[in-house]
Structure formats: C-alpha cells, structure tokens
Amino acid sequence: MATTTRLRPPTHRVSRKAVRLWTLQAAIGSAVTAALLSAAVWALRLAWWDWVPEWALRNAWWLVVLYGVYALARVVIVPQWRYRVHRWEITADVVYTRSGWFSRQWQLVPVSRIQTVDHRQGWMERMFGVATLEVQTASHAGSSTIEGLAAADAQRISEELAQRAAELRDDAT
C-alpha cells in the first residue's frame, strides 16, 4: 500500500516590515500609472479626434476612476494577502518556499544543488530593514527567491546556506 505525503505550508513568514514596503511600492506604481492615464485621457479629450467615437471621448474619464478603484485594492489588499501567502523554511537539506496569489507555487530546492546564494537589498528595502534572498541552482526552474526577509536574517541565512552547500559539494567529491 502506497503512502502519500501531504505538502504542508513552510513554517516562516517574511518580515512584517515587508508589508509596508510592498504597500509603498504599490502606491508609487499606482500613482505613476494614474498620472500617466490621466494625462492620456486629458490629451485624448483635448484633441477630440474625429476617428474616436464621441461617447468614448465624453466618458474617457471613467478609465481613471476604474483604475483608481483597482489601484486602491492593489495598495490596501495585495500587500496583506501577499504577507499571508508567502512563506519559507530551510531544513537541513531543502530550501522550501511557497508563493502565489490565486495559483500557489511550492518550491523545494535541495541544498546539495545550490550553486549560489545571493542576498540583496535595494534602497527601499534598506529603508524598511528587509532584504531579498536568492538561492540559485544550475536549473532556472530550481532557483528560489524569498522577498521581504529581515535584513539580518537574510544575511545570516545566505552565509549558512552557502557554507552548507559547499560542505555538501566537498562530501560528494
């Protein structure tokens, strides 16, 4: 009789500070997009081209309103949802991550297959004290990224994983 193993969620969440970072990033992106969309609607209405139907010109401002509703949801809901879903765990032999919004992706990267471990921190990440950890293998599909880790944790984990991967490679030779 075959037994099946259930895939459980990884145990660790990213740093709570990542929610503020993702919220700010979404707000900036949404504001820039809304400004560009508003300028495009204004230019469209100002030009009043003959090839554009009159009803479209009169109601073009609705595009900005609809985008504003979408942007509000993107800024308020998405960072919280992302925090709830994205998780990570590192065991003795596997780096395990879960990500995704509607479709979930579970990724298990064997420590023995790790080629590089990168820890990076952009200027906005530095403002919030978080960092991104990238675990890369020879296969693109095998690589894993954990965004929103506390900066000190990301540095510690990257050093530990790099050391553990080197020890496993040395044992294999």
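Refer to the preceding data block for the structure.
This report concerns the structure included in the present document. (Residues numbered from 1 in each chain as written. Predicted model: local features only at pLDDT ≥ 70, side-chain atom pairs only at ≥ 80, totals over all residues. Heavy atoms only, no water.)

Considering the layout of surface pockets
Put simply, the test is: Grid spacing is 1 Å over the protein atoms alone, the probe is 1.4 Å, and a cavity is where that probe fits but cannot get out, while a pocket is an open set with protein on both sides within 12 Å along at least five of seven lines and lining residues have an atom within 4 Å of a point. Grid points are joined across faces, edges and corners, and a volume is the space filled by probe spheres set on the points. Under the DSSP-based scheme used, a helix requires at least four consecutive residues in state H or I and a strand at least two consecutive residues in state E, with every element numbered from the N terminus. Under the grouping applied here, Gly and all other residues not named as nonpolar or charged are polar, the nonpolar ones being Ala, Val, Leu, Ile, Met, Phe, Trp, Tyr, Cys and Pro and the charged ones Asp, Glu, Lys and Arg.
Within this model, the largest pocket holds a volume of roughly 240 Å³. Around the largest pocket, the lining comprises 14 residues; the ones closest to its centre are His 86, Ser 99, Thr 145, Ile 146 and Glu 147. At the level of secondary structure, the elements contributing two or more residues to the lining of the largest pocket comprise strand S3 (94–99), strand S4 (105–110) and strand S7 (144–150). The greatest single-element share of the lining of the largest pocket, amounting to four residues, is contributed by S7. The residue inventory of the lining of the largest pocket, partitioned by class, reads two nonpolar, eight polar and four charged.

Description of helix H3 (residues 61–76)
Inclusion rule: Helix span, as expected, comes to 1.5 Å for every residue beyond the first. Burial classes follow relative accessibility: with a 1.4 Å probe on protein chains only, a residue under 20% of its type's maximum area counts as buried, one over 50% as exposed, and anything between as partly exposed. By definition, the arc is the one covered by directions from the helix axis to the C-beta atoms. Between two residues, a contact is recorded if the distance between any of their heavy atoms is within 4.5 Å.
Its 16 residues give H3 an end-to-end C-alpha distance of 23 Å, which sits within 8% of 22 Å, the value for a rise of 1.5 Å per residue. Where H3 is concerned, the buried positions are Tyr 67, Ala 71 and Val 75. Angularly, the buried residues of H3 cover 70 degrees about the axis, an arc narrow enough to put them on a single face. Across H3 from its buried face, at more than 90 degrees, point the exposed residues Leu 66, Val 69, Leu 72 and Val 76. At its buried positions, H3 is contacted by helix H1 (17–47) and helix H4 (78–85).

Here we look at a positive patch on the surface
Here is the rule: Two joining distances apply to patches: 9 Å for like charges and 5 Å for nonpolar side chains (Val, Leu, Ile, Met, Phe, Trp, Tyr), and every residue must have over 30% relative accessible area and no salt bridge. A 1.4 Å probe and the Shrake-Rupley method give the accessible areas. Residues count as covered only by the protein chains that appear here. The rule for a salt bridge is simple: a side-chain nitrogen of Lys or Arg has to be within 4 Å of a carboxyl oxygen of Asp or Glu. Charge convention: Lys and Arg are scored as positive, Asp and Glu as negative, and His as well as the terminal groups of each chain are ignored. Every charge is mapped to an atom, namely NZ of Lys, CZ of Arg, CG of Asp or CD of Glu.
There is a patch of like positive charges on the surface, built from Arg 13, Arg 16, Lys 17, Arg 20, Arg 84 and Arg 104. As for its placement among the helices and strands, Arg 84 is situated in helix H4.

A look at the pattern of salt bridges
Two side chains bearing opposite charge may form a pair once their charged atoms approach each other closely. Summed over all chains, the structure comprises five salt bridges. Of the charged contacts, one joins Glu 54 and Arg 58 as a salt bridge, the two residues approaching to 3.2 Å between their closest N and O atoms. Of this pair, Glu 54 and Arg 58 are both found in helix H2 (residues 54–58), four residues apart, which corresponds to roughly one turn of the helix. For Glu 134, the salt bridge identified is with Arg 120, shortest N-O distance 2.4 Å. Taken together, the residues Glu 134 in strand S6 (residues 130–137) and Arg 120 in strand S5 (residues 114–120) connect sequence positions 14 residues apart.

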